[in-house]
Amino acid sequence: MSVRKIVHIDMDAFYASVEQRDDARLRGKPVVVAWRGNRSVVCAASYEARRFGVRSAMPAVRAERLCPEAIFVPPDFPRYRAVSRMVREIFQEHTDLVEPLSLDEAYLDLTENKTGLLTATRVARAIRERIRQELQLTASAGVAPNKFLAKIASDWRKPDGLFVIQPDEVDPFLRPLPVERLPGVGKVTAERLKQIGAQTVGELRGLEMATLEGQFGRYGVRLYELSRGVDHSKVVPNRPTQSVSAEDTFERDMPLSETGPVICRLAEKVWSASRNESRTARTVVLKLKTSEFNILTRSYTPPSPPASCEELTQIALSLRERIGLGVQQRFRLVGVGLTNFREPEDTSWQSALFN
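If you're wondering where the values come from, they're calculated on a predicted model, not measured in any experiment.

Chemist: Describe in detail the sheet that holds strand β2 (residues 31-33), supporting the description with residues and values.
Modeler: An order of β3-β2-β4 is seen for the 3 strands of this open sheet, with the pairing classed as mixed. For this open sheet the edge positions go to β3 (44-45) and β4 (71-73), each flanked by a neighbour on one side alone. Where β2 meets β4, 3 bridges bridge the pair, whose relative direction is parallel. Within β4, the residue paired with Val31 across the bridge is Ile71. The sheet contacts of helix α1 (residues 14-22) involve β2, β3 and β4, and relative to β2 the element is tilted by about 120 degrees.

Chemist: Residues and numbers for the nonpolar core, please.
Modeler: Proteins that are soluble and globular tend to have nonpolar side chains buried together. One finds Val7, Phe14, Tyr15, Phe91, Leu108 and Ile131 to be the most contacted residues of the largest nonpolar core, which totals 35 residues. In this view, Phe91 contacts Ile9, Val98, Ala106, Leu108, Ile127 and Ile131; residues no more than four positions away in its chain are not counted.

Chemist: Could you give me a rundown of the confidence of the model for the chain, with the residues and numbers involved?
Modeler: The predicted model of the chain averages 89 in pLDDT, with 95% of residues at 70 or higher. For the chain, the element scoring lowest by mean pLDDT is helix α14 (residues 348-353), at 40; strand β8 (residues 162-164) scores highest, at 97. Segment residues 345-355 is flagged for pLDDT under 50; beyond a separation of four residues in sequence, or across chains, it makes 11 contacts in the model.

Chemist: Give a detailed account of helix α8 (residues 187-195), specifying residues and quantitative values.
Modeler: Of all the residues in α8, the buried ones are Thr189, Ala190 and Leu193. One side of α8 carries all its buried residues, which in axial view fall inside an arc of 100 degrees. Exposed residues pointing more than 90 degrees away from the buried face of α8 are listed as Lys187, Val188 and Gln195. Summarising the contacts, the buried residues of α8 are in contact with α9 (201-205), α10 (209-216) and α11 (218-226). Immediately downstream of α8, the backbone of Gly197 shows phi near 90 degrees, a positive value.

Chemist: Go over the sheet that holds strand β11 (residues 295-300), please, and point to the residues and values.
Modeler: Strand order in the open sheet formed by 4 strands is β9-β12-β10-β11, and the pairing between neighbours is antiparallel. Strand pairing shows two members of the sheet lacking a second neighbour, β9 (243-255) and β11, which therefore form its edges. Averaged over all adjacent pairs, the angle separating strand axes in this sheet is 15 degrees, with direction ignored. As paired elements, strand β10 (residues 280-290) and strand β12 (residues 330-342) share 10 bridges and run antiparallel to each other. Bridging across to β12, Thr280 finds its partner in Arg342. Docked against the sheet, helix α12 (residues 260-274) engages β9, β10 and β12, running at close to 165 degrees with respect to β9. Against the sheet, helix α13 (residues 309-319) contacts β10, β11 and β12, and its axis sits at roughly 40 degrees relative to β10.

Chemist: Residue-level account of the packing of α1 against helix α4 (residues 77-92), with values.
Modeler: The contact between α1 and α4 brings their axes to 10 Å, and the two run at 95 degrees. Here α4 runs roughly perpendicular to α1, going by the angle between their axes. Only Phe77, Arg79, Tyr80, Val83 and Ser84 of α4 make contact with α1, whose side of the interface consists of Phe14, Tyr15, Val18, Glu19, Arg21 and Asp22. Here the contact of α1 with α4 is built from residues that sort into 6 nonpolar, 1 polar and 4 charged.

Chemist: Explain the packing of α10 against α11 to me, using residue names and the numbers behind them.
Modeler: Their axes nearest at 6 Å, the elements α10 and α11 cross at an angle of 140 degrees. In terms of orientation, α10 lies oblique with respect to α11. When you trace α10 past α11, the crossing you get is right-handed. From α10, Met209, Leu212, Glu213 and Phe216 reach across to α11, where they touch Arg218, Tyr219, Gly220, Val221, Leu223 and Tyr224. Residues belonging to the contact of α10 with α11 are distributed by class as follows: 7 nonpolar, 1 polar and 2 charged.

Chemist: Could you give an account of the packing of aromatic side chains, naming the residues involved and the relevant values?
Modeler: This model, assessed by the stated rule, comprises 7 aromatic pairs. Ring centres of Phe163 and Phe173 lie 5.7 Å apart, and the angle between their planes is 40 degrees; on these two criteria the pair is classed as tilted. With a gap of 10 residues between them, Phe163 in strand β8 and Phe173 in helix α7 (residues 170-174) connect regions that are remote in the sequence. Taking the relative accessible area as the measure of exposure, Phe163 reaches 14% and is therefore buried. We classify Phe173 as buried; its relative accessible area is 12%. These aromatic residues form a ring-pair network of at least three members: Phe14, Tyr15, Phe77 and Tyr80. One residue, Arg50, lies across the ring of Tyr47, its end atom 4.4 Å from the ring centre. Between the NZ or CZ atom of Arg228 and the centre of the ring of Tyr224, over which it lies, the distance is 3.7 Å.

Chemist: Report on the side chain of Ser140, specifying residues and quantitative values.
Modeler: Relative to the elements of secondary structure, Ser140 occurs in strand β7 (residues 139-144). At a separation of 3.0 Å, a polar atom in the side chain of Ser140 contacts the main-chain amide nitrogen of Asp160. Of the polar contacts made by the side chain of Ser140, one reaches the backbone nitrogen of Gly161; its length is 3.2 Å.

Chemist: An account of the environment of Phe293 is needed here, citing residue identities and associated values.
Modeler: Here Phe293 shows up in the loop between β10 and β11. It is 24 Å that separates the C-alpha atoms of Phe293 and Leu182, two residues lying 111 residues apart in sequence.

Analysis parameters
Counting from 1, residues in each chain are numbered in the order their sequence is written. Predicted model: local features are reported for residues with pLDDT of at least 70 only, side-chain atom pairs are reported and counted for 80 or more only, and whole-chain, interface and lining totals are derived from all residues. Only hydrogens and water are removed before side-chain values are computed, so all heavy atoms of the structure are retained for them. Pairing between two strands is assigned when DSSP locates at least 2 bridges connecting them. By the criteria applied, helices consist of DSSP H or I runs no shorter than four residues and strands consist of E runs no shorter than two, each listed in order from the N terminus. In this analysis, two residues are considered to be in contact whenever any of their non-hydrogen atoms come within 4.5 Å of each other. Lines fitted to C-alpha atoms define the axes, with helix axes restricted to the stretch in contact, and inter-axis angles between N-to-C directions lie between 0 and 180 degrees. Throughout this description, the term nonpolar core refers to a set of buried Ala, Val, Leu, Ile, Met, Phe, Trp, Tyr and Cys residues connected via side-chain atoms within 4.5 Å. Throughout, exposure labels follow a simple rule: accessible area from a 1.4 Å probe, protein chains only, divided by the maximum for the residue type, with under 20% read as buried, over 50% as exposed, and the rest as partly exposed. Confidence scores here are pLDDT values: one per residue, from the predictor, ranging 0 to 100. Arc, as used here, means the arc of the directions from the helix axis to the C-beta atoms. Roughly parallel refers to an angle under 35 degrees, roughly antiparallel to one over 145, roughly perpendicular to one between 65 and 115, and oblique to any angle outside these ranges. In this classification, the charged set is Asp, Glu, Lys and Arg, the nonpolar set is Ala, Val, Leu, Ile, Met, Phe, Trp, Tyr, Cys and Pro, and all remaining amino acids, among them Gly, are polar. Left-handed describes a crossing whose near helix is turned anticlockwise from the far helix by less than a right angle; the clockwise case is right-handed. Only the six-membered ring of Trp is used, alongside the rings of Phe and Tyr, when aromatic pairs are assigned; centres must lie within 6.5 Å, and planes under 30 degrees apart are stacked while those over 60 apart are edge-to-face, with the rest tilted. For a ring to carry a charge above it, either NZ of a lysine or CZ of an arginine must fall within 6 Å of the ring centroid while also lying within 35 degrees of the normal to the ring plane. The definition of a polar contact used here is a pair of N or O atoms within 3.5 Å, where within protein one atom must be able to donate a hydrogen and the other to accept one, and adjacent residues in sequence count solely through side-chain atom pairs.

The following block contains the structure:
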């Protein structure tokens, strides 16, 4: 079987970089893309802000404490989506096998390419140069035999970097890495792996598949494969959107009655993101995480899809009434989502509602 050539391209500090590109006063300054306020979280941070420890998904108030000189810019998602479409047009000049993960990153299968360049590395260089010249932005790229390795590689020389893992370099590259570099390994899983003697990928390789499966179930098999650089997942272009969602973690736990303003803001964000979809979402979802880290979800499929941001917001707010945990319960996170996407002409959902 021929070796695949997979590239993962990740735009550098995308939202913040677009803001700096479009406003010369922001260049070289610590820029934080976020709404100001006690409940807001950071959407993106420029590299100047990251030097102070500011990171995406961090509460905005904490970012302001870490970097008092930060310039806060409210996010402009329609503008970011427009730039993202331009980036993807560049990708598609080289291959039809493009799998977007978000507005700022995508996988490309360059086992064969349209432009006749001899290697995937040359294609990655050409794409990065086009992005620099035409869009005045930078992107980092990773080239590897599979998606898992390509994603690790793209982060290796950020920002504005290119890193290549050749097939014969996979083993020496992987062995010394901490297990946290593997997808899905967070603090809890890393601690459990440490307890069974695996802090590095090389140590993880020393464990039997049966041991890992016994500890982690099906994910244990995945860990066994990843530690050996095995990932058979394909680059899937035009993957249908399953859901659009946004969530916010609070700086302090709060009662359900105080979550209204956050739900309204998240609903606006979700509605804006959903306008980029050709299909229509039928179901509204409200997600809550209690102070004890229990996750609750409530959903509602109205007779007709939400037709406005206001309607989406009202449904999300009404779903709070179905929680029923008492006024003393505190929550640490809330999320709003749209799911159950259908084609505009698909009317099967209507009969399903009343069966």
